[in-house]
Amino acid sequence: PSEARLQVAGGLSDDHQSLADRYGLKEYLYLTPPIPFRDCLPTLQAASALILVIEPECFMQIPGKLYDYFAAARPIIALSANQEANRMITEVGMGVAVDHLDFNAIAQSFSDCYDRWREDDQQDAEQRALQVEPYSARTQAGKIADIYNAVCGG
């Protein structure tokens, strides 16, 4: 716990807190109140890695949080069965996606992420921004504008 912790903004449900207690993870958790939207990006950018949990039944939508994570340009570990989100994360080289129930893969992804952080934490911010540019607000707005123009004959 003195070397690594998982910060959870907004707290945990009683069920999740129980699981953390049962598996001896309580010491690794750092619970904070919800973070105001304007403070989210600097908070995300201060993290060594970001954890994205997409519940298995949520396989047909991309969570908005993924775009915030891309904007933060920090390594992402996604616990996800959402193939589209997983493809986006791996396509831009910003992290890995593993199955919720593959505990060995989850543990390995944390270990791999830590090793990469130790070797390459100084990666140029400009390079990270280029990696996620395909999913930036500017690029996505341009794609939507292209669709509108095509539909409207413009």
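Small disclaimer: the values here were computed from a predicted structure and weren't measured.

Asks: Explain the sheet that holds strand S5 (residues 95–98) to me, please; I cannot follow it from the model alone.
Replies: Paired through backbone hydrogen bonds, the strands of a sheet run either parallel or antiparallel to each other. One open sheet holds the three strands; their spatial order is S3-S4-S5, and the pairing between them is parallel. Here the strands that pair on one side only, and so sit at the sheet edges, are strand S3 (50–54) and S5. Adjacent strand axes in the sheet meet at a mean angle of 15° when their direction is disregarded. Where S3 meets strand S4 (residues 76–80), five bridges bridge the pair, whose relative direction is parallel. Note on S4: the bridge partner recorded for Ile51 is Ile77.

Asks: Just checking my understanding: could you explain the packing of helix H3 (residues 64–72) against helix H4 (residues 83–91) for this structure?
Replies: Angle between the axes and distance between the axes: these two values describe a pair of packed helices. H4 packs onto H3 with a crossing angle of 5° between their chain directions and a minimal axis gap of 12 Å. As summarised for this structure, H3 and H4 are arranged roughly parallel, according to the angle between their axes. From H3, Leu66, Tyr67 and Phe70 reach across to H4, where they touch Ala85, Met88 and Ile89. Taken together, the residues that form the contact of H3 with H4 break down as six nonpolar, no polar and no charged.

Asks: Explanation requested: the pattern of salt bridges in the structure shown.
Replies: Pairing between side chains becomes possible if they bear opposite charge and their charged atoms approach one another. On inspection of all chains with the given rule, the structure shows three salt bridges. Here Glu84 and Arg87 are joined by a salt bridge, their closest N and O atoms 2.5 Å apart. With Glu84 and Arg87 both in helix H4 and three residues apart, this pair spans about one turn of that helix. Residues Arg138 and Glu133 are paired through a salt bridge, measuring 3.2 Å at the closest nitrogen-oxygen approach. On the basis of relative accessible area, Glu133 is assigned to the partly exposed category, the value being 25%. Through salt bridges with shared partners, a single network forms among Glu84, Arg87 and Glu91.

Cut-offs used in this document
- Residues numbered from 1 in each chain as written.
- Predicted model: local features only at pLDDT ≥ 70, side-chain atom pairs only at ≥ 80, totals over all residues.
- Heavy atoms only, no water.
- Pairing = 2+ DSSP bridges.
- Helix = DSSP H or I, 4+ residues; strand = E, 2+ residues; numbered from the N terminus.
- Axes fitted to C-alpha atoms, helices over the stretch in contact; angles between N-to-C directions.
- Parallel < 35°, antiparallel > 145°, perpendicular 65-115°, else oblique.
- Contact = heavy atoms within 4.5 Å.
- Nonpolar A, V, L, I, M, F, W, Y, C, P; charged D, E, K, R; others polar.
- Salt bridge = Lys/Arg side-chain N within 4 Å of Asp/Glu carboxyl O.
- Buried < 20%, exposed > 50% of the residue type's maximum accessible area, 1.4 Å probe, protein only.

Don't take any of this as a statement about function, it's just geometry.
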